[in-house]
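Observations on the three-dimensional arrangement
Now for the letters of each chain:
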Amino acid sequence: MPDKETADAIVVGAGVIGSSIALELTRSGRQVVVVDRAGGAGLGSTSASSAVVRFNFSTAAGVAAAWESYAGWASWSAHLGHDVGDVARYVRTGLVMLDVDAAPRSAYVPLFEELGVPYEEWDSAELASRVPGLDVGRYWPPRRLDDPRFWHDATQTLGGVFTPDAGHVSDPQLAAQNLAAAAVREGARFRFQSTVAAVHRSGDRVSGVELDDGSTIWASIVVNAAGPWSGGLNELAGVGGDFTVSVRPMRQEVAHVVAPGGTGDATQPRPAVADMDLGTYFRSDVGGSLLIGGTEPACDPFEWLDDPDDAHLQPTSAVFEAQVTRAARRLPDLGVPNRPRGVAGVYDVSDDWTPIYDRTDLAGYYVAMGTSGNQFKNAPVVGCMMRTLIDEVEHGADHDTLPVVYTGVHTGLEIDLGAFSRRRSRSSTTGTVMG
Ligand SMILES: Cc1cc2nc3c(=O)[nH]c(=O)nc-3n(C[C@H](O)[C@H](O)[C@H](O)COP(=O)(O)OP(=O)(O)OC[C@H]3O[C@@H](n4cnc5c(N)ncnc54)[C@H](O)[C@@H]3O)c2cc1C
């Protein structure tokens, strides 16, 4: 291995976000090196992702990015542009977002109208008939299992908003590997089992990174796509002083259980359900199973971490029982197993649960971070947005004053990248993983 290597751009992190950025930067004609401390692509927080693709976000930029990105998943092989062997599949199940005052229809249905996202509004009778086996009771607010009110019968019902094009990606790690393989075909180089230990500057500009083996890669562009480790990398680079939005790692669990029978089959797959009313989301998975995650109900403690490496990556009985029991209120035929099964991972949570896709005050040093448990879905478009941002800023655009706009190649929608600025005033969002 040479002790000195040069490139046009270095991407730190080969998760789904870094791999997508690497693909697009390579397509722009740059020599790109991707550095990851893991042994392959997609082995960080991407590997724990539920990979749900939905369009319910609180901001126009959030909805537009998710809708544009969906088109990338739906035409995945074309998006990759190369035959990379086994590829991730898009599973179009639809998703129903159950009514909840904390994220009312009035907050996002007008955005669906404006941006052209197909949807159907369901009352409780329609919800019951379209998702057989689903209890349409309104239970708000979510409660802990040891709160006797958790077990009270519902006195009201709820409906929801169905988006038929939502779904999930069959294998999030494979999706990241697909992007990495396509980037390699374009000419990118990946350096695995290599940890960035220092970020070098020359004057006001980034000049490269030093790896833990003491070698240096020189480049005038460095992109921080380090997932939950992004805050630590910014500290190494000495950036963050002008950020108005900060990020913190948060541990998360997703339960895996056997789905109740009779509520979905191969010809009519079960829609995913976003259920802030009870504090969960769930979606089907291969082999008749169900993934159940949480939506940060206020009654549950948040598992903030000082260091993402401190995360215990096994599911716990307490969280498993809470998540599955809440889902079982919604799906009364769902069994609650005694032994926890599932995954644990780490979110990189920003103050307003909106990502930061931006330049920084260190010229040439860019960030794609704060993905807040909701940006797997946006990976295809994030690569394109970061490429556009980097191209324009490197050509002199003053993004902080006049934000760069990305125009979606599939939808033609204009996405104001100022919405993801490090210096934004806090976006008005649900303050949860729903964004
Ligand atoms: C449990 C869970 C469920 C989720 N569910 C969904 C969902 O349903 N839908 C959705 O849209 N999103 C979801 N997400 C969020 C989504 O998965 C993430 O936003 C996305 O995967 C982040 O990708 P990334 O590439 O930024 O980070 P990562 O995949 O974590 O990649 C970062 C990489 O950087 C490397 N790295 C870090 N520091 C260094 C360093 N100093 N030197 C070298 N390498 C370094 C790491 O090894 C890692 O591979 C979920 C996340 C979790 C944890």
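The rules behind each value
Residues numbered from 1 in each chain as written. Predicted model: local features only at pLDDT ≥ 70, side-chain atom pairs only at ≥ 80, totals over all residues. Heavy atoms only, no water. Axes fitted to C-alpha atoms, helices over the stretch in contact; angles between N-to-C directions. Helix = DSSP H or I, 4+ residues; strand = E, 2+ residues; numbered from the N terminus. Parallel < 35°, antiparallel > 145°, perpendicular 65-115°, else oblique. Left-handed = near helix turned anticlockwise from the far one by under 90°. Contact = heavy atoms within 4.5 Å. Buried < 20%, exposed > 50% of the residue type's maximum accessible area, 1.4 Å probe, protein only. Pairing = 2+ DSSP bridges. Expected span 1.5 Å × (residues − 1). Polar contact = N/O pair within 3.5 Å; in protein donor to acceptor, adjacent residues only side chain to side chain. Domains from an automatic or database assignment. Salt bridge = Lys/Arg side-chain N within 4 Å of Asp/Glu carboxyl O. Nonpolar A, V, L, I, M, F, W, Y, C, P; charged D, E, K, R; others polar.

In this section: the packing of helix 1 (residues 16–27) against helix 9 (residues 379–394). Helix packing geometry: the angle between the two helix axes and the distance between the axes. With their axes 8 Å apart at the nearest point, helix 1 and helix 9 run at an angle of 50° to one another. It follows that helix 1 is oblique to helix 9 by the angle criterion. Seen along the crossing, helix 1 lies across helix 9 with a hand that is right-handed. Contacts between helix 1 and helix 9 pair V16, I17, S20, I21, E24, L25 and R27 from the former with A379, P380, V382, G383, C384, M386, R387 and I390 from the latter.

Moving on: the pairing of strand 10 (residues 160–163). Side chains G160 and F162 project from strand 10 onto one buried face, and the interleaved V161 and T163 project onto a second face that is buried too. Pairing of strand 6 (residues 95–98) with strand 10 involves 4 bridges; the strand directions are antiparallel. Of the residues in strand 10, the one forming a bridge with L98 is G160. The sheet contact formed by strand 7 (residues 120–122) and strand 10 spans 3 bridges and is antiparallel. Along strand 10, the bridge assignment pairs E121 with V161.

Across its 15 residues, helix 6 (residues 172–186) extends 21 Å between first and last C-alpha, which sits within 8% of the 21 Å expected from 1.5 Å per residue. Within helix 6, burial applies to P172, L174, A175, A176, N178, L179, A180, A182 and A183. Of the surrounding elements, those touching the buried residues of helix 6 are helix 1, helix 2 (60–74), helix 3 (76–80), strand 11 (167–169) and strand 12 (189–191). For helix 6, the side-chain oxygen to backbone nitrogen distance between the N-cap and Q173 is 3.2 Å, and the N-cap itself is D171.

With that settled, the discussion passes to helix 9. With 16 residues, helix 9 extends 22 Å from end C-alpha to end C-alpha; this agrees with the ideal 22 Å at 1.5 Å per step. Counting buried residues along helix 9, 12 of its 16 residues qualify, which places the element largely inside the surrounding structure. All of the buried residues along helix 9 are A379, P380, V381, V382, G383, C384, M385, M386, T388, L389, I390 and V393. Phi for G396, located one or two positions after helix 9, is positive at around 105°.

Domain annotation of the protein identifies domain 1 (4–86 + 171–246 + 352–428) and domain 2 (95–164 + 252–345). Taking the mean C-alpha position of each, domain 1 and domain 2 sit 29 Å from one another. Across the contact, 18 residues belong to domain 1 and 21 residues belong to domain 2. The tally of links between domain 1 and domain 2 comes to 1 salt bridge. Here D309 makes a salt bridge to R37, at a shortest N to O gap of 2.5 Å. At the boundary of domain 1 and domain 2, one finds 4 residue pairs in polar contact (both at pLDDT 80 or more). For the side of domain 1 that touches domain 2, the per-class residue count stands at 12 nonpolar, 4 polar and 2 charged.

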